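# Structural overview for review
So you can see what is in the structure, the chains are spelled out below.
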Amino acid sequence: MKAVIITKPGGPEVLKIEERPIPVPSENEVLIKVKAAGLNRSDIAQRKGNYPAPIGTIQDVLGLEVAGTVEDLGKGVRKWKKGDNVMALISGGGYAEYVTVDENICLAIPDTLSFTEAASLPEALFTVWDNVFRRGRLKPGENFLIHGGSSGIGITAIQLAKAFGATVFATAGTDEKCKACEDLGADICINYKEQDFEAKLKEKGIDVILDMIGGDYFAKNINILNADGRLVYINAMKGNPKEFNIMKMMQKRIVITGSTLRGRDIEFKSALAKEIEEHVLPLIKQGKFKTVIDQTFPLSEASKTHELMESSKHIGKIILVNE
Ligand SMILES: NC(=O)c1ccc[n+]([C@@H]2O[C@H](COP(=O)([O-])OP(=O)(O)OC[C@H]3O[C@@H](n4cnc5c(N)ncnc54)[C@H](OP(=O)(O)O)[C@@H]3O)[C@@H](O)[C@H]2O)c1
């Protein structure tokens, strides 16, 4: 099969197509013929050599989410049969023609979605469900803020928070991105390059913040959170905060938490998949949740997808497709 290999740590040009053997599904795994694979920001860090895949996972083929058809079944698989259309969260290996994954981390693709649309969903659905609704405990009527509103994570967080009854605020780096966030349901999106989100949101008060930025956003987040607010980290693209005002956190009883998804075990991811099946897939089937695809590229143009993601010009997801 064809797979995109990281030939050595470096820029987008180090990604090259190679022939690799088709993987064989182990017990409880399915073999998926990949029709489309989603890009994620951490793919960039892994390509540069800064974010190795977990031990036991393929190291030199990127890709954390795919959509395709079940081609073969490992021993003990009960949930799927050959020919089923599935989307799956994987720990690596998605930029390829075939990949294997535990049967319980696959979700049935709703009839309303194409393979390209389905491939845009698993990483964001699993991450947002865990961090906004489980860790952040977002409730109907609360105020929710997502930084990086036009990212793959952001477009998902906006729509799910809105669908579950929150008032939604977002930040993004251009007016075009802000418009896209508001079109998806954000009540207000702030162009952080033109306005200070702290000044704009302090009066409103926020109950849950999903932050991937870190750095100087940390103190601003603490300042705008309501009493008993929850601050949830999924990355720190601007690094660690220089200061941490412990007293303010205590006075407002703020919970600071965060998580990484990739290294979690099968049981944890299976439990998330069940909750997503129950609570989120019905919204997608009813057309209450839109996928947002910025561009698609063939597998042979993986380098271009990385250039686009690093430019941060995209809105929503970038997808690799197998022709
Ligand atoms: N912890 C986890 O389990 C987990 C899981 C999935 C994703 N994540 C994280 O969630 C974030 C979003 O992932 P994604 O794949 O959806 O990303 P993405 O589509 O590439 O979007 C990231 C966006 O963040 C904005 N941004 C703001 N400040 C930035 C900075 N200092 N450096 C780079 N970008 C900046 C950019 O848009 P603007 O124009 O608005 O600046 C950029 O387009 C990433 O940081 C990723 O690592 C974490």
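Cut-off values and rules
Residues numbered from 1 in each chain as written. Predicted model: local features only at pLDDT ≥ 70, side-chain atom pairs only at ≥ 80, totals over all residues. Heavy atoms only, no water. Pairing = 2+ DSSP bridges. Helix = DSSP H or I, 4+ residues; strand = E, 2+ residues; numbered from the N terminus. Near = heavy atom within 4 Å. Polar contact = N/O pair within 3.5 Å; in protein donor to acceptor, adjacent residues only side chain to side chain. Areas by Shrake-Rupley, 256 points an atom, 1.4 Å probe, with all protein chains shown as cover. Nonpolar A, V, L, I, M, F, W, Y, C, P; charged D, E, K, R; others polar. Domains from an automatic or database assignment. Core = buried A, V, L, I, M, F, W, Y, C linked by side-chain atoms within 4.5 Å. Buried < 20%, exposed > 50% of the residue type's maximum accessible area, 1.4 Å probe, protein only. Contact = heavy atoms within 4.5 Å. Axes fitted to C-alpha atoms, helices over the stretch in contact; angles between N-to-C directions. Parallel < 35°, antiparallel > 145°, perpendicular 65-115°, else oblique. UniProt positions renumbered as here; feature names shortened; annotations may be inferred.

## Examining the pairing of strand β4 (residues 65-73)
- In this structure, strand β3 (residues 29-38) lies alongside β4, joined through seven bridges in antiparallel fashion. Bridge pairing links A37 to V66 in β4.

## Things to note about the site of the ligand
- Every one of the 23 residues lining the ligand counts as a neighbour, but G173, K177, Y192, N235 and S259 are closest to it.
- With respect to the ligand, the side chain of R41 contributes an N or O atom lying 2.8 Å from an oxygen atom.
- Contacts to the ligand include Y192, whose side-chain N or O atom sits 2.4 Å from an oxygen atom.
- In isolation the ligand exposes 920 Å². Once the protein is present, 88% of that is buried.
- Contributing elements (two or more residues each) for the shell around the ligand: α3 (122-135) and α4 (152-163).
- Its residues assigned to classes, the shell around the ligand shows nine nonpolar, 10 polar and four charged.
- Both domains that meet at the shell around the ligand, namely domain 1 (2-121 + 264-321) and domain 2 (125-258), each give it at least three residues.

## Examining the nonpolar core
- Ranked by internal contacts, the top residues of the largest apolar core, which has 85 residues, are I32, F126, F144 and I146.
- Tallying contributions element by element places α3 first for this core, with seven residues.
- Each of domain 1 (2-121 + 264-321) and domain 2 (125-258) gives at least three residues to this core.
- If we ignore the near neighbours within four places in the chain, the residues touching F126 are L89, I105, L107, L261, K269, L272, A273 and I276.
- If you look at the next biggest cluster of nonpolar residues, it comprises 22 residues, including A3, A96, L308 and M309.

## Here's the deal with the packing of α3 against helix α9 (residues 266-279)
- Following both chains from N to C, one finds α3 and α9 inclined at 85°, their axes separated by 10 Å at the closest point. By the criterion of interaxial angle, the relationship of α3 to α9 is roughly perpendicular. Packed against α3, whose contacting residues are L125, F126, W129, D130 and R134, the element α9 presents F268, K269, A271, L272, A273, E275, I276 and H279 at the interface.
- Grouping the constituent residues of the contact of α3 with α9 by class yields eight nonpolar, one polar and four charged.

## Observations concerning the sheet that holds strand β13 (residues 255-258)
- Reading across the sheet, the six strands line up as β10-β9-β8-β11-β12-β13 and stay open at both edges, with parallel pairing between neighbours. Since the sheet does not close on itself, it has two edges, and those belong to β10 (188-191) and β13, each with one partner. The average angle at which neighbouring strand axes cross in this sheet is 15°, direction not considered.
- By the bridge criterion, three bridges tie strand β8 (residues 143-146) to strand β11 (residues 206-211) in an arrangement that is parallel. For I146, the partnering residue across the bridge sits in β11 and is L210.
- Along the sheet face, α3 touches β8, β11, β12 (225-233) and β13 and points at about 160° away from the line of β13.
- Along the sheet face, helix α7 (residues 217-224) touches β8, β11, β12 and β13 and points at about 150° away from the line of β12.

## Topic: the UniProt feature "domain: Enoyl reductase (ER)" (unreviewed entry) in the protein
- Per the UniProt entry, the sites bearing "domain: Enoyl reductase (ER)" (unreviewed entry) are residues 10-320 in this numbering.
- Taken end to end, residues 10-320 has its terminal C-alpha atoms 20 Å apart, with 31% of it in helix and 26% in strand.

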